[in-house]
Amino acid sequence: MKILFLDQSGKPGGAELCLIDIAKPYQKNCLVGLFADGSFKDLLEKHDIPVEVLTNQAIQVKKESSLSQGLASMTQLAPLIAKVVKISRNYDLIYANTQKALVVAAIASFFSRRPLVFHLHDILSAEHFSKTNRTISVNLANRASLVIVNSQASKKAFIEAGGKAELVEIVYNGFEPQKYINNRIEINQVRKQLELEDKFIVGHFSRLAPWKGQHILIEALAKCPPEVTVILVGDALFGEQDYVKQLHQQIDSLQLQNRVKFLGFRNDIPLLMAACNLVAHTSTSPEPFGRVIVEAMLSGTPVVAAASGGAVELVESGVNGFLSTPGNPQELTEIIETCLSDKQKTDAIAQKAKDSASQRFHVANINQQIALLLQQLAVNSEQRTANS
C-alpha cells in the first residue's frame, strides 16, 4: 500500500511525533508532504521517511478563524491543492494528519479519487476551535473513508460536533518504551546539573500557555514544603509571551524565585522526566490524549494529571497515577505532599504505570491496529471499484 501523508507543520508537535511512528512501516511506500519547512522535515529524514515540502507559503488560517478568513484562504490554497492532486495519483490513499492538511486532502481526494483517512489529534470543542472551523473540519471529515481519533474524548467531541460515528476508530498514540530507559548515573548527573540533587522535583512538560496551567502548579507549589521544586520544560509559542511574563510575576509575588526553573525546549525529555520525583499535567481545558502523561509513566516517574479529556482514559487515580480536579491548586498541593511523604506507595504506583503503559501504548501494537484499519479500507475500496 502506497500512502501520501499530509501535515501542516514544520515543527514537531504531538501529532507530528505520532506521524513519524505511523509512517515508519511504510518508509519505502510513502511520502510525507509538509505545508511548511523546518525541524520536522529534518526529523523525518533522520528516520529515513521520504518527505517533501509542498509549499513555503504560510497558510493564514487559525483555529479561531472566521468564515470570511477561511474562504479567503482558498485562493491561497489552490496551487497547493493542485500539486497534491497530481502527487496523490501515484498513491493508494491520502492520510491527513492535521486540520489544515484535512482541507487540502479532502479536496484533493475528490479530484484524484483516492480514499481519504483523517487522523484527528484534537478535541473539536469551542475552547480550542471557532464554530466555523469546527463546522468545516467535521463536514470535510465526514467525506473521509476513515477517521482515526486518539481517545474516547476526541471521539465524543467529534460526534457531538456533527461527525459520523460510523467513520470513527479509536487508536491511542504509540511509544517506544526503550526510549525511556535511563540509568541511575545519568539521572543523578542531570539532577546535579540542575543543582537540585537534594530536592523533590515536580516537572511540567509542555509549551507555556494559559490553558496548560503552569500557573496552577506554581500556586500549588507556594503551599508545599520548601524542598519541593518545579522545573518548567517548554517555551511559549503562538504569541504567548505575555503569559510567560505573568508566570514570572506570579513567582516573584509568591517569592518562589529559588524554587522554579525555566528550562525552555529540551531534547532530553525522557531523562529529565526520570530525574523528576513527580510529573504534573495541569491543563485547564480537556486534552485529546496527553502524551506527557504516558511519557512520564514510561520513564518510571509518578504522574498527576488534570481529570478531564483523554487523561481520565490513561490514569486510574491511586492505581497507575493520580488525578486532580482541573484548576484546583489546593488538591494538587495535597497530591504533591502525599507523593513526598509516602515514597514507597508512589514508587509502587509508578512501577505499575510503567509496566502497563509499556504494553498498552507500545508502538508496535498501535501500528498493527492502524495497519489493519488501512488494509480493511483498501479491501473495501477495491470491492466498491469492482462493483461500480
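Placed above this text is the structure.
Residues numbered from 1 in each chain as written. Predicted model: local features only at pLDDT ≥ 70, side-chain atom pairs only at ≥ 80, totals over all residues. Heavy atoms only, no water.

Engineer: How do you make sense of the overall build of the protein when you look at a structure like this?
Structural biologist: Broken down by element type, the protein carries 15 helices and 13 strands. The C-alpha extent of the protein, read off along each of the three principal axes, is 70 × 40 × 35 Å. Among the 388 residues that make up the protein, the fraction classed as buried is 55%. Of the contacts formed within the protein by residues at least 6 apart in sequence, a portion of 67% connects residues at least 24 apart. When the accessible surface of the protein is split by element, carbon and sulfur atoms take 49% of a total near 17,600 Å². Charged side chains of the protein number 39 positive and 38 negative; the gap between the two group centres comes to 6 Å. (Helix = DSSP H or I, 4+ residues; strand = E, 2+ residues; numbered from the N terminus. Buried < 20%, exposed > 50% of the residue type's maximum accessible area, 1.4 Å probe, protein only. Contact = heavy atoms within 4.5 Å. Areas by Shrake-Rupley, 256 points an atom, 1.4 Å probe, with all protein chains shown as cover. Lys, Arg positive; Asp, Glu negative; His and termini not counted. Charge placed at Lys NZ, Arg CZ, Asp CG, Glu CD.)

Engineer: What exactly am I supposed to notice about the packing of helix H8 (residues 214–221) against helix H9 (residues 241–253) here?
Structural biologist: Angle between the axes and distance between the axes are the two parameters that describe a pair of packed helices. Look at H8 against H9: their axes get within 10 Å of each other, and the N-to-C directions meet at 5°. In this view, H8 runs roughly parallel relative to H9, as classed from their interaxial angle. Residues Gln214, His215, Ile218 and Glu219 of H8 pack against Tyr243, Leu247, Gln250 and Ile251 of H9. When its residues are assigned to classes, the contact of H8 with H9 shows four nonpolar, three polar and one charged. (Axes fitted to C-alpha atoms, helices over the stretch in contact; angles between N-to-C directions. Parallel < 35°, antiparallel > 145°, perpendicular 65-115°, else oblique. Nonpolar A, V, L, I, M, F, W, Y, C, P; charged D, E, K, R; others polar.)

Engineer: Sorry if this is basic, but what is going on with the sheet that holds strand S8 (residues 200–205) here?
Structural biologist: Strand pairing in a sheet relies on backbone hydrogen bonds, with the paired strands running either antiparallel or parallel. Taken together, the six strands give an open sheet; going across it, the order is S10-S9-S8-S11-S12-S13, and neighbouring strands pair in parallel fashion. Of all strands in the sheet, those with a lone pairing partner are strand S10 (260–264) and strand S13 (322–324), marking the two edges. If you compare each strand with its neighbour and ignore which way they point, the axes differ by 25° on average. The sheet contact formed by S8 and strand S11 (residues 278–281) spans two bridges and is parallel. Following the sheet pairing, Val202 is matched in S11 by Leu278. The sheet strands contacting H8 are S8, strand S9 (228–233), S10 and S11, and the helix crosses S9 at an angle near 170°. This element, helix H13 (residues 329–341), spans S8, S9, S11, strand S12 (303–306) and S13 of the sheet and lies at about 160° to S13. (Pairing = 2+ DSSP bridges.)

Engineer: I'm lost on the sheet that holds strand S1 (residues 3–7) in this one. Help?
Structural biologist: Strand order across the open sheet formed by seven strands is S3-S2-S1-S4-S5-S6-S7, with parallel pairing between neighbours. Strand pairing shows two members of the sheet lacking a second neighbour, strand S3 (51–53) and strand S7 (168–170), which therefore form its edges. Looking at each pair of strands side by side, their axes are set apart by 20° on average, direction ignored. Pairing analysis gives three bridges linking strand S4 (residues 93–96) to strand S5 (residues 116–120), with the strands arranged parallel. Within S5, the position partnered with Ile94 by the bridge is Leu116.

Engineer: Even after reading the chapter, I still don't get the packing of aromatic side chains, so can you show me in this structure?
Structural biologist: Within the structure shown, the criterion is met by six aromatic pairs. For the ring pair Phe5 and Tyr95, a centre distance of 5.0 Å and an interplane angle of 55° mean the geometry is tilted. Taken together, the residues span a long stretch of sequence, with Phe5 in strand S1 and Tyr95 in strand S4 at a distance of 90 residues. Here the two residues Phe5 and Tyr95 agree in accessibility, since each one is buried. Here Phe175 and Phe289 contribute two aromatic rings whose centre-to-centre distance is 6.4 Å and whose plane-to-plane angle is 20°, an arrangement assigned as stacked. Of this pair, Phe175 sits in the loop between S7 and helix H7 (184–193) while Phe289 sits in the loop between S11 and helix H11 (291–298), and the two are 114 residues apart along the sequence. (Phe/Tyr/Trp six-rings, centres within 6.5 Å; stacked < 30°, edge-to-face > 60°.)

Engineer: Whenever I open this one, the nonpolar core confuses me. Can you help?
Structural biologist: Across soluble globular proteins, nonpolar side chains have a tendency to be buried as a group. By size, the foremost hydrophobic cluster in this structure holds 62 residues, and its most contacted members are Phe5, Val32, Tyr95, Phe205, Ile293 and Leu374. Once you skip the residues sitting within four places of it in the chain, Ile293 turns out to touch His281, Val303, Ala305, Ala311, Leu314 and Val315. Leu31, Leu77, Leu80 and Ile94 belong to the second largest nonpolar core, which has 35 residues in total. (Core = buried A, V, L, I, M, F, W, Y, C linked by side-chain atoms within 4.5 Å.)

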